[in-house]
Amino acid sequence: MMQDARLPEQPVQLSSGSARRSPELSVIVPTFNEAPNVELVVQALVASLRGIDWEVIFVDDDSSDGTTDAVRLIARRDGRVRCIRRIGRRGLAGASIEGMLSSSAPVIAIMDGDMQHDASLLPEMFRRLQAGDDLVIASRFCDSGSAADGFSRTRLSGSRVATRLARMFLHIDVSDPMSGFFAIRRPAFEALAPRLSTQGFKILMDILASTPQPLRTSEMPLHFRARQHGVSKLDNLVAAEFLSLLLAKLTGDALSLRFVLFALIGGFGVVVHLVTLKIALASGLTFWLAQMTAAYVAMTGNFFLNNVLTYRDRRLKGWRLLSGLASFWVVCSIGVIANVGVGQLVHEQASRWWLAGLAGAGLGAVFNYVATSIFTWRAR
Ligand code: GDD
Ligand code: MN
């Protein structure tokens, strides 16, 4: 076997004390405001995982309700309980990926931290992975699985539509690609980790759509229970997020999830622009003034939409919201110049109006996207 040049050939000698091996199973639990559920989740794991060497890693996005304190309190008396506190970031997928990468266990499971998932399925999931499966999914839609207790009717039908779209367009052949409860073998996960989007909720669908080699996958029926405490963190924006992930994957990741969202919102901005223009003209403004008004109304709308959707993980608040809006106006104003300039150029070369228009708009969108990601929503 080839040796990795960076790794010593002999195992590192540990100086003193007894070395503790990595557990066989890491359970990753992403949390956001789940303080009252933490103890229950740990108890469920303790009860279910007898005979397995396990650990649980709570990945918390700096919840305001003391979730990390609750985890650390338990961790002090039970070393199998670990905690990652992420500051200034949000997102179920990103948190899950970070938790998985932080462990060295050969088998990793992802489970929600609100008791909707039945921890007693874990031993069988673990056994199947040891027996050669790459991925085991706890499915609400296979055999005796069910979702009715844990979901409202709308959420349930939304989930079904999403599943159908994923099957149709991404050729994902499992009954519940939106499940938040699954286990995967480390080599399979490490191979595809660099391709995963850290944004959003749909980590399993992303795994299924991004894997370089087919995964030996099996499913187990899950009875999706009602939440113990607190409320769901999913809102209506997940629908837009889902569609964008679908588009990003359909383009073979040529377009990022973020760019797809940005461009969709840009398209919506055009509609806002035209409606505002119509109203402004009807109320007697000159065309020039009406056009200016429409442009800034559309830009402002786009700024807020991008802030809650495209950049929800870096959402600007307070003063930074105002300075962000100002920088967005500046960038997009330059974007308009780029748009018109390129449109003009293409129009002179090939006098097809729609081609010129499209080229201008496309370049404007790319310019605005790149520039606002640097100046407006720069990563901290
Ligand atoms: N770290 C972190 N950051 N955790 C989060 C975040 C976040 O931004 N948002 C949610 N979580 C945690 C919650 O605290 C919970 O432990 C888990 O992720 C699932 O979130 P819920 O808010 O309970 O999701 P749900 O029950 O509405 O949705 C379930 O079904 C979806 C499929 O329709 C989940 O299993 C989803 O993963 C799944 O996609
Ligand atoms: Mn939940």
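Scroll up a little and you will see the structure.
**Details of the coordination of the manganese ion (ligand 2)**
Protein-derived ligands of the manganese ion (ligand 2) are Asp-114 (OD) and Gln-116 (OE1), with the metal-ligand distances lying across 2.0 Å. Its relative accessible area of 4% is what places Asp-114 among the buried residues.

**Some thoughts on the packing of aromatic side chains**
Counted by the stated rule, this structure contains eight aromatic pairs. With a centroid separation of 5.9 Å and an interplanar angle of 75°, the aromatic rings of Tyr-296 and Trp-329 are classed as edge-to-face. On the criterion of sequence distance, the pair formed by Tyr-296 in helix 10 (residues 287-308) and Trp-329 in helix 11 (residues 319-349) is long-range, its members being 33 residues apart. We classify Trp-329 as partly exposed; its relative accessible area is 31%. Centroid distance Phe-328 to Trp-377: 5.7 Å. Interplanar angle 70°. Geometry classified as edge-to-face.

**A closer look at the nonpolar core**
Ranked by size, the top nonpolar core spans 38 residues in total, and within it Met-100, Leu-135, Phe-182, Ile-184, Phe-189, Met-205 and Ile-207 carry the most contacts. Broken down by element, the residue count for this core peaks at five residues, all from helix 7 (residues 203-210). When we break this core down by domain, the ones giving at least three residues each are domain 1 (19-233) and domain 2 (257-375). Ignoring sequence-local partners within four residues, the contact set of Ile-184 consists of Met-100, Pro-106, Val-107, Ile-108, Leu-129, Asp-134, Leu-135, Phe-189 and Ile-207.

**Concerning the site of ligand 1**
Looking at ligand 1, there are 26 residues lining it, with Glu-34, Arg-90, Asp-112, Ser-232 and Lys-233 nearest. At 2.8 Å from an oxygen atom of ligand 1 is found a main-chain nitrogen or oxygen belonging to Gly-113. With respect to ligand 1, the backbone of Lys-233 contributes an N or O atom lying 2.5 Å from an oxygen atom. Bound to the protein, ligand 1 loses 98% of the 730 Å² it would expose on its own. When residues of the shell around ligand 1 are traced back to their parent elements, those giving at least two are strand 1 (25-31), helix 3 (92-101) and helix 5 (153-170). Of the residues assigned to the shell around ligand 1, the class counts are eight nonpolar, eight polar and 10 charged.

**Observations regarding the pattern of salt bridges**
Considering all chains together, one arrives at 19 salt bridges under this definition. For Glu-55, the salt bridge is made with Arg-82, and the minimal N-O distance between the two is 3.3 Å. You can see Glu-55 sitting in strand 2 (residues 54-60) and its partner Arg-82 sitting in strand 3 (residues 81-85), a full 27 residues away along the chain. According to the relative accessible area criterion, Glu-55 is buried, its value standing at 8%. We note a salt bridge from Asp-61 to Arg-86, for which the minimum N-O separation is 2.6 Å. In this pair, Asp-61 is assigned in the loop between strand 2 and helix 2 (67-77) and Arg-86 in the loop between strand 3 and helix 3, connecting sequence segments 25 residues apart. We note that Asp-61, like Arg-86, is buried.

**Description of a nonpolar patch on the surface**
Among the surface-exposed residues, Met-168, Phe-169, Leu-247, Leu-250 and Leu-264 lie close enough to one another that they form a single nonpolar patch of about 460 Å² accessible area. Only helix 5 and helix 8 (237-250) provide two or more residues apiece to the nonpolar patch. With respect to the element layout, Leu-250 can be found in helix 8. Among the residues examined, Leu-250 registers a relative accessible area of 44% and is labelled partly exposed.

**Considerations on unusual backbone geometry**
Within the chain, Asn-33 stands out as a residue other than glycine whose phi angle is a positive 55°. Mapping Asn-33 onto the fold places it in the loop between strand 1 and helix 1 (35-48). On the basis of relative accessible area, Asn-33 is assigned to the partly exposed category, the value being 24%. One non-glycine residue, Asp-62, lies in the positive phi region at around 50°. Mapped onto the elements of the fold, Asp-62 is located in the loop between strand 2 and helix 2.

**Focus on the sheet that holds strand 5 (residues 135-139)**
Read across the sheet, seven strands follow the order 3-2-1-4-6-5-7 without closing on themselves; strand pairing throughout is mixed. Each edge of the open sheet carries a strand with a single partner, namely strand 3 and strand 7 (217-221). Between one strand and the next, the sheet's axes are offset by a mean angle of 20°, whatever the strand orientation. Examined bridge by bridge, strand 5 and strand 7 share five bridges and lie parallel to one another. Residue pairing in the sheet places Ile-137 in a bridge with Glu-219 of strand 7. Against the sheet, helix 7 makes contact with strand 5 and strand 6 (182-185), and its axis sits at roughly 35° relative to strand 6, the strand it touches most.

**Section: the pairing of strand 6**
Looking at chain direction, strand 4 (residues 107-110) and strand 6 are connected through four bridges and run antiparallel. Note that in strand 6 the partner of Val-107 across the bridge is Arg-185. Pairing analysis gives three bridges linking strand 5 to strand 6, with the strands arranged antiparallel. Bridge pairing in strand 6 links Ile-137 to Phe-182.

**Comments concerning helix 9 (residues 257-282)**
With 26 residues, helix 9 should cover 38 Å at 1.5 Å per step; its first-to-last C-alpha distance of 38 Å lies within 8% of that length. Residues of helix 9 that are buried: Leu-257, Arg-258, Phe-259, Val-260, Leu-261, Phe-262, Ile-265, Gly-269, His-273, Thr-276, Leu-277 and Ala-280. Buried residues belonging to helix 9 abut helix 8, helix 10, helix 11 and helix 12 (353-375). Directly beyond the C-terminal end of helix 9, a positive phi value near 95° is found at Gly-284.

About the cut-offs
- Each chain has its residues counted from 1, following the order in which its sequence is written.
- Here the convention is simple: chains get letters from A, ligands get numbers from 1, in the order in which they are written.
- Since the coordinates come from a predicted model, pLDDT governs what is reported: local features require at least 70, and pairs of side-chain atoms require 80 or more to be given and counted, while whole-chain, interface and lining totals use all residues.
- Side-chain descriptors were evaluated using all non-hydrogen atoms of the structure, hydrogens and water having been removed beforehand.
- Here the term donor refers to an N, O or S atom within 2.8 Å of the metal (or 3.2 Å for Na, K and Ca), and because water is left out of the atoms, sites may appear incomplete.
- Exposure is judged per residue with a 1.4 Å probe applied to protein chains only, and the accessible area is read against the type maximum: over 50% gives exposed, under 20% gives buried, and values in between give partly exposed.
- For this analysis, a ring pair means two rings from Phe, Tyr or Trp (six-membered ring only for Trp) whose centres lie within 6.5 Å, classed as stacked if their planes differ by under 30 degrees, edge-to-face if by over 60, and tilted for the remaining angles.
- Secondary structure elements follow DSSP: runs of H or I no shorter than four residues count as helices, runs of E no shorter than two count as strands, and numbering proceeds from the N terminus.
- Residues grouped as a nonpolar core are buried Ala, Val, Leu, Ile, Met, Phe, Trp, Tyr and Cys residues, joined through side-chain atoms within 4.5 Å.
- Source of the domain bounds: an automatic or database domain assignment.
- In this description, contact between two residues means that some pair of their heavy atoms is separated by no more than 4.5 Å.
- If even one non-hydrogen atom of a residue comes within 4 Å of a molecule or strand, that residue is called near it.
- Polar contacts here mean pairs of N or O atoms no more than 3.5 Å apart (in protein, one a potential hydrogen donor and the other a potential acceptor; neighbouring residues in sequence count only if both atoms are side-chain atoms).
- Per-residue accessibility takes into account occlusion by the displayed protein chains alone, with areas from the Shrake-Rupley method and a 1.4 Å probe.
- Only Asp, Glu, Lys and Arg are considered charged in this grouping, and only Ala, Val, Leu, Ile, Met, Phe, Trp, Tyr, Cys and Pro are considered nonpolar; every other residue, Gly among them, is considered polar.
- A pairing counts as a salt bridge when a side-chain nitrogen of Lys or Arg comes within 4 Å of a carboxyl oxygen of Asp or Glu.
- Here, patches come from residues exposed beyond 30% relative accessible area and free of salt bridges, joined within 9 Å for like charges and within 5 Å for nonpolar side chains (Val, Leu, Ile, Met, Phe, Trp, Tyr).
- Only when DSSP finds a minimum of two bridges between them are two strands counted as paired.
- Fitted lines through C-alpha atoms give the axes, limited to the stretch in contact for helices. The angle between two N-to-C directions lies from 0 to 180 degrees.
- The length a helix should cover is 1.5 Å for every residue beyond the first.

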